[in-house]
Amino acid sequence: MVTYQYVCDVDSEIEVNLPMGTAPTSVTCPDCGEPARRVFSSPRLSAVDQNRMNLIDSTKATADRPEVVTSIPSDGRRKRQPMAPPDPRLQKLPRP
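The model shown is predicted, which means the values in this text are computed figures rather than measured ones. (Residues numbered from 1 in each chain as written. Predicted model: local features only at pLDDT ≥ 70, side-chain atom pairs only at ≥ 80, totals over all residues. Heavy atoms only, no water.)

Participant: So what about the layout of surface pockets? Which residues, and what values?
Facilitator: Within this model, the largest pocket holds a volume of roughly 250 Å³. Secondary structure elements with two or more residues in the lining of the largest pocket: strand S1 (2-8) and strand S4 (35-39). Here the element with the most residues in the lining of the largest pocket is S1; it accounts for 4 residues. Classifying every residue of the lining of the largest pocket by side-chain character gives 5 nonpolar, 4 polar and 2 charged. (1 Å grid on protein atoms, 1.4 Å probe; cavity = no way out; pocket = protein on both sides within 12 Å on 5 of 7 lines; lining within 4 Å. Points joined across faces, edges and corners; volume = space filled by probe spheres on them. Helix = DSSP H or I, 4+ residues; strand = E, 2+ residues; numbered from the N terminus. Nonpolar A, V, L, I, M, F, W, Y, C, P; charged D, E, K, R; others polar.)

As structure tokens, then:
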């Protein structure tokens with residue numbers, strides 16, 4: 001369902017929910033009975049959560065121009081300690 005807006009010259013705005021593509025050019029005002037003409041307006045984009053819009057915008061931006069990095073970014077975990085040198089006695093063990 002889509003919300004269509006109509007304006008009555010006597011009263012104010014009227015919003016009507018109809019299936020997409022079925023909106024007539026005018027409807028009858030429920031208050032005064034006069035015809036109300038259809039008004040075209042922008043979609044209600046402000047109803048979208050701002051965090052979601054920021055995520056969508058950043059995703060679109062990185063699709064065309066990804067960030068250039070000089071090193072692998074840190075993930076916040078501790079850095080790994082260097083491994084101890086291998087024990088030469090382990091070399092003599094049988095391998096599978």
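Participant: With reference to specific residues and values, describe the pairing of strand S2 (residues 13-18).
Facilitator: Sheet topology places S1 next to S2; 6 bridges connect them, and they run antiparallel. Within S2, the residue paired with Tyr4 across the bridge is Val16. Linking two consecutive strands that pair antiparallel, namely S1 and S2, is a turn of 4 residues. (Pairing = 2+ DSSP bridges.)

Participant: If you had to explain the environment of Leu18 to someone new, which residues and values would you point to?
Facilitator: Note on placement: Leu18 falls in strand S2. Along the chain, Leu18 and Tyr4 lie 14 residues apart, while their C-alpha atoms are 7.3 Å from each other. Every residue in contact with Leu18, bar those within four places of it in the chain, is listed here: Met1, Val2, Tyr4, Tyr6, Ala23 and Pro24. (Contact = heavy atoms within 4.5 Å.)

Participant: Would you mind going over the pattern of salt bridges in detail, with residue names and values included?
Facilitator: Applying the stated criterion to the full structure yields 2 salt bridges. Between Asp9 and Arg37 there is a salt bridge; the shortest N-O distance is 3.1 Å. Highlighted residues: Asp9 in the loop between S1 and S2 and Arg37 in strand S4, separated in sequence by 28 residues. By relative accessible area, which is 49% here, Arg37 ends up partly exposed. A salt bridge links Arg89 to Asp87, with the shortest nitrogen-to-oxygen separation between them at 2.8 Å. With relative accessibility at 64%, the residue Arg89 sits in the exposed group. (Salt bridge = Lys/Arg side-chain N within 4 Å of Asp/Glu carboxyl O. Buried < 20%, exposed > 50% of the residue type's maximum accessible area, 1.4 Å probe, protein only.)

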